[in-house]
Each structure stands twice: as structure tokens, then as C-alpha cells.
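Breakdown of the fold
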Amino acid sequence: MTLVDDSISHDALINFMFETLPVRGVLAQCSGEWRDLSGLHDYPLSVRTLLGEAVVATSMIASTMKFDGMLTLQLHGEAALGMLIAQCNQALHIRGMAGELTDNLPAGDYAALIGAGRMTLTVDAKDAKDRYQGIVAADAASLALTLKQYYRDSAQLGAHFVLLADGATCAGLMLQRLPDDQSMPDDDWQRLCLMADTLSLDELRVGASNTLLHKLFAEDDVRAYAPRPVLFRCRCSQSRAERAVQMLGEEDAKRLLTERGGRIDIVCEFCNRKRSLDTIDVQRLFDPAGMSSDARVQ
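Quantities reported herein were computed from a predicted structural model and do not represent experimental measurements.

**Brief notes about helix H9 (residues 250–259)**
For H9, the complete set of buried residues consists of Ala-253, Leu-256 and Leu-257. Looking down the long axis of H9, one finds its buried residues gathered within 105 degrees of arc, a one-sided arrangement. Away from the buried face of H9 by more than 90 degrees, exposed residues Glu-251, Thr-258 and Glu-259 are located. Close packing links the buried residues of H9 with helix H8 (238–248), strand E13 (263–267), strand E14 (274–278) and helix H10 (279–285). A positive backbone phi angle near 70 degrees is found at Gly-261, which sits one or two residues after H9.

**Brief notes about the packing of aromatic side chains**
Tallied over the full model, the rule gives five aromatic pairs. For the pair Phe-16 and Phe-18, a centre-to-centre distance of 5.8 Å together with 70 degrees between the ring planes defines the contact as edge-to-face. For the pair formed by Phe-16 and Phe-18, the shared burial category is buried. Among the aromatic residues, those joined into a cluster by ring pairs are Phe-16, Phe-18 and Phe-217. Over the aromatic face of Phe-270 sits the side chain of Arg-95, whose NZ or CZ is 3.7 Å from the ring centroid.

**So, the side chain of Asp-220**
Looking at the element boundaries, Asp-220 is found in the loop between helix H7 (210–216) and strand E10 (222–224). Overall, the relative accessible area of 10% leaves Asp-220 in the buried class. A polar contact is formed between the side chain of Asp-220 and the side chain of Arg-191, at a distance of 2.8 Å. Once residues within four sequence positions are removed from consideration, Asp-220 is found in contact with Phe-18, Leu-21, Arg-191 and Leu-192.

**Notes on the environment of Thr-102**
Examined against the element boundaries, Thr-102 turns out to sit in the loop between strand E5 (93–101) and helix H3 (110–114). The sequence separation of Thr-102 and Arg-152 amounts to 50 residues, and the corresponding C-alpha distance is 32 Å. Contact partners of Thr-102, with chain neighbours within four places excluded, come to Ala-79 and Ala-80.

Conventions used here
Residues numbered from 1 in each chain as written. Predicted model: local features only at pLDDT ≥ 70, side-chain atom pairs only at ≥ 80, totals over all residues. Heavy atoms only, no water. Buried < 20%, exposed > 50% of the residue type's maximum accessible area, 1.4 Å probe, protein only. Helix = DSSP H or I, 4+ residues; strand = E, 2+ residues; numbered from the N terminus. Arc of directions from axis to C-beta. Contact = heavy atoms within 4.5 Å. Phe/Tyr/Trp six-rings, centres within 6.5 Å; stacked < 30°, edge-to-face > 60°. Lys NZ or Arg CZ within 6 Å of the ring centre and 35° of its normal. Polar contact = N/O pair within 3.5 Å; in protein donor to acceptor, adjacent residues only side chain to side chain.

On their own, these measurements won't tell you what the molecule is for.
As C-alpha cells, this is what we get:
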């Protein structure tokens, strides 16, 4: 194994390659950043666990892509959970949320949470040629199997996911066969997947490391790259709140302002941060000579 750094990394991921097999992978662990993200919402453990799996999966997928924008994994459920979103950009900044929950949520059952739903992966890139959206049925037994099905059906690539999460840590491992893998026997791929499935959340609570990769794939020569930090960062801002009000139109915005006693409060669904606009703010928004509050000198 080619080791770059034998230290333990928290809130980070490690990209790696197999030297003699056309397979690449990602090992990821989030603890402090995950607690900051998930602690903003009082989700039941089953929903928090699924959100953690989605967040770590999105970060691993984003780390294998070259794009300038945002990768969004969205689950559209038709059972106890109506919607779940996890996002990660090229800088590995993550955020996520869940919504449309029923009163009686099942405990830890992906199929019962999602039902006959679907999963959407979207790349919102600044360059139009890099924009992409793929949809697959979310009718497998787990999010990991849904992602495996997505790669098989939409990308025509073999992929394997191990997703692990609870209220304190979310972590995972992703393996992906490269397009030029025709020379690799299926037995080797199955062996790697079986080794990956032995990974436990307890092993990753202490962090991600090259030592753990060596333990998992002791029979293989693996080149591990330097760890990259994964950070919880929300993209909400005052200017985004203002644009949301502008989209209502001047008449509806002023009516809403009157109904709410002279102030419009906008709460971010991802981070729960509240931003407020008063009468002067709303007048400025619809004044052609007005300025965004982000541009004003405070």
C-alpha cells in the first residue's frame, strides 16, 4: 500500500486507487460537522440516520467529480418520509434536510420510510455542459443499494457503497469500477465488495485513516491520497432571502408584509437561520434604484 499520511482524520474523506485493479474508492468520516448539521433539527433517529447516509454518500460522489457547482441527492418518498435532500459542492461543503414527515415514523427501515419513491441525483454546474440529472426508483432495501442501482442503470458503471450513520457519526466507503475495467475478473470485484462490507461504524468513529484502508484491503496495493476536509456550510444569505421575496411580486410581497405586522421572516430549511425584511427592505427590493442589503455598508 502506498501511504501518504498515517494520521487519523475527522470530518474528512480519503480518495484512493487500486494500483493493479481498475477501481477507485473513497473512505469518509464526519463527526463534529455532522453533529452541527443534524443538531439543527429534531429528527427521529430513523430519519437522522438516513440523512447521515445521504450526506456522506453525496460527499463521496462529489469528491470523484470535476465540476463547479452543486451535487444534490434527493429522495422523494411516498410513505412516512416525503422528501430528503443532501447537497455537496466541489469544495466538499455539505448540508441536508428532511421534510414532509408523518406522525408515526417507522424505526430504521429504509423501505418503510421511502416506500415506492425515487432518487434523483442532480449536478447544478456553472458550465451548462456539466449539468446533469439522473433518476432511479428508490425501491431497494437501502440507500446504498439504491445508489448501486443508479450507477448500474444510469452510469453503466459498477459501484458499491457502505453507508453508516447514527446521531454522532456518519461515515462510508465507496468503490467504483472504472470504464476500462474489462480486464478485471468479476471475482476480484466481488472480493473487494465483500471486504468493504466488513467495515463498521465503530471503526470509523475514531476517524478515517490509511491504516484502516490497509486493514480492509490488506491483499491489495492501494494508493491513498491526502485527506480532504468535509465541512458543514449552508448557502443561505440575506440576498437569497430577498430574491425569494422578489419572486413573490411586489403586490403579494406587500400584502404579506401587512398580514405579518410589517415584517417578513424567512427561515432556511437547511440551517434554521432566520432572516427578516421590514417595510423599508421590501420597498427597496422593488425600487429600480434599490440595492441588495449585501451591498449596503453596515
